[in-house]
Amino acid sequence: MGRTRRRHYRRYRADQRALRDHVRRWWPFVAGALVANGFLVATYLWAPHEPAADAVPAADPAAVRRAAPAERPMSTFTTRFERGEPRVRNIEIAARRLDGAVVRPGATFSFNDVVGPRTSDRGYVPAPVIMGSRLVNDVGGGICQVSSTLYNAVFRAGLDIRKARAHTMWMPEYPDGREAAVAYPDLDFRWRNDTDVPVRIDVQYTDSSLTVSLWGERRYEVRSETSERYDYTPYWTTVGHGSRCVPTTGRRGFEIDVWRVLLEDGRKVKRERYHTEYQPQPKVTCV
């Protein structure tokens, strides 16, 4: 072997020895790094991932509405009154308190609990109310128009009427025998939601009308019958005094019967009778 080739050979052997020394010195660190990186990659690939925040689809409002229980109209009833009468203000105050009330399934609604006291500090003004067989001016007069309109909506909806009493005298604003007189706190109108879903009360009014609508899910079909008036009683004439006196023209008293028939899938479930005795309304002259 020539001198030049021997020199290259010795340099080659020295480089190999240096390389083996570097491999032996750094191999544990290189191997550890490879294992650690492999573990991290495997963890990322196999672990479950949450989707990115901006990848979550937004809720569809229409789908949310479809998922909620559907409200359906159960019944509606309208009564009317003369524009400008003092009781119109009282009707509007009570209507606002009643509007939007929701009665849960199985719960009993109390008109007096929801509307509350009828006092002047709550905005009510004097207007005619029935006391016995007379009309007199008193704070909160006219509220019975709200309770009686609600009564007829409840009657038509087939809901469970628990406590209701007609006025002692007949009033032309309501159907014969279908009304609910109220006086805070003792004389109340109560009914129970005997359906499986909430019942919402919607109240609309103008300067001459009041409409109560019930929303929920009707359980029964309702049919009603009303008898002819019978057992009339005559009225009398009298004179009233003072600022509370309300003049009246006089009306005969009478009795009447109302039946409500509840049907489920065309089959009669219940037949209810409501009997009312109206006292005569005297002819009153105020002096």
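Residues numbered from 1 in each chain as written. Predicted model: local features only at pLDDT ≥ 70, side-chain atom pairs only at ≥ 80, totals over all residues. Heavy atoms only, no water.

1. Topic: the overall build of the protein
Part 1 of the argument: Along the protein, the regular secondary structure elements total five helices and 16 strands.
Part 2 of the argument: In the protein, which comprises 287 residues, the share counted as buried stands at 38%.
Part 3 of the argument: Counting only contacts in the protein whose residues sit at least 6 apart along the sequence, the fraction spanning at least 24 positions is 73%.
Part 4 of the argument: Working note: accessible area of the protein is about 17,700 Å², and carbon and sulfur atoms make up 53% of it. (Helix = DSSP H or I, 4+ residues; strand = E, 2+ residues; numbered from the N terminus. Buried < 20%, exposed > 50% of the residue type's maximum accessible area, 1.4 Å probe, protein only. Contact = heavy atoms within 4.5 Å. Areas by Shrake-Rupley, 256 points an atom, 1.4 Å probe, with all protein chains shown as cover.)

2. Let's talk about the packing of aromatic side chains
Part 1 of the argument: Scanning all chains against the criterion turns up six aromatic pairs.
Part 2 of the argument: Measuring from ring centre to ring centre gives 5.5 Å for Tyr151 and Phe189, while their planes differ by 50°; the resulting arrangement is tilted. Taken together, the positions of Tyr151 in helix 5 (residues 143-157) and Phe189 in the loop between strand 6 (160-163) and strand 7 (190-192) put the pair 38 residues apart, joining distant regions of the chain.
Part 3 of the argument: The class of Phe189 is buried, set by a relative accessible area of 0%.
Part 4 of the argument: Linked through ring pairs, Tyr151, Phe155, Phe189 and Tyr274 together constitute an aromatic cluster.
Part 5 of the argument: In this arrangement the basic side chain of Arg229 is found over the ring face of Trp170, its NZ or CZ atom lying 4.9 Å from the centre.
Part 6 of the argument: Across the ring face of Tyr232, the terminal group of Arg252 is positioned such that the distance to the ring centre comes to 3.9 Å. (Phe/Tyr/Trp six-rings, centres within 6.5 Å; stacked < 30°, edge-to-face > 60°. Lys NZ or Arg CZ within 6 Å of the ring centre and 35° of its normal.)

3. What to know about the confidence of the model for the protein
Part 1 of the argument: Per-residue confidence for the protein gives a mean pLDDT of 83, with 76% of residues at or over 70.
Part 2 of the argument: Taken as a whole, residues 33-68 scores under 50 in pLDDT and shows three contacts with residues more than four places along the chain or in a different chain. (pLDDT = per-residue confidence, 0-100.)

4. Structural notes on the pattern of salt bridges
A side chain with one charge may pair with a side chain of the opposite charge, provided their charged atoms come close.
Part 1 of the argument: For the structure on display, the rule yields 14 salt bridges.
Part 2 of the argument: Linking Arg83 and Asp207 is a salt bridge whose minimum nitrogen-to-oxygen distance equals 3.1 Å. You can see Arg83 sitting in the loop between strand 1 (72-80) and helix 3 (87-98) and its partner Asp207 sitting in the loop between strand 8 (199-205) and strand 9 (209-216), a full 124 residues away along the chain.
Part 3 of the argument: With relative accessibility at 58%, the residue Arg83 sits in the exposed group.
Part 4 of the argument: For Asp207, a relative accessible area of 41% translates into the label partly exposed.
Part 5 of the argument: With a shortest N-O distance of 4.0 Å, Arg200 and Asp202 are connected by a salt bridge.
Part 6 of the argument: Owing to a relative accessible area of 26%, Arg200 belongs among the partly exposed residues under this scheme. (Salt bridge = Lys/Arg side-chain N within 4 Å of Asp/Glu carboxyl O.)

5. So, the sheet that holds strand 9
Part 1 of the argument: Spatially, the four strands line up as an open sheet ordered 1-9-8-2, and their pairing is antiparallel. At either margin of the open sheet sits one strand with a lone partner, and together these are strand 1 and strand 2 (102-103).
Part 2 of the argument: Note: strand 1 against strand 9, eight bridges, orientation antiparallel. Paired with Phe77 across the strands is Val212, a residue of strand 9.
Part 3 of the argument: Sitting on the sheet, helix 3 is in contact with strand 8 and strand 9, with an inclination near 150° to strand 8. (Pairing = 2+ DSSP bridges. Axes fitted to C-alpha atoms, helices over the stretch in contact; angles between N-to-C directions.)

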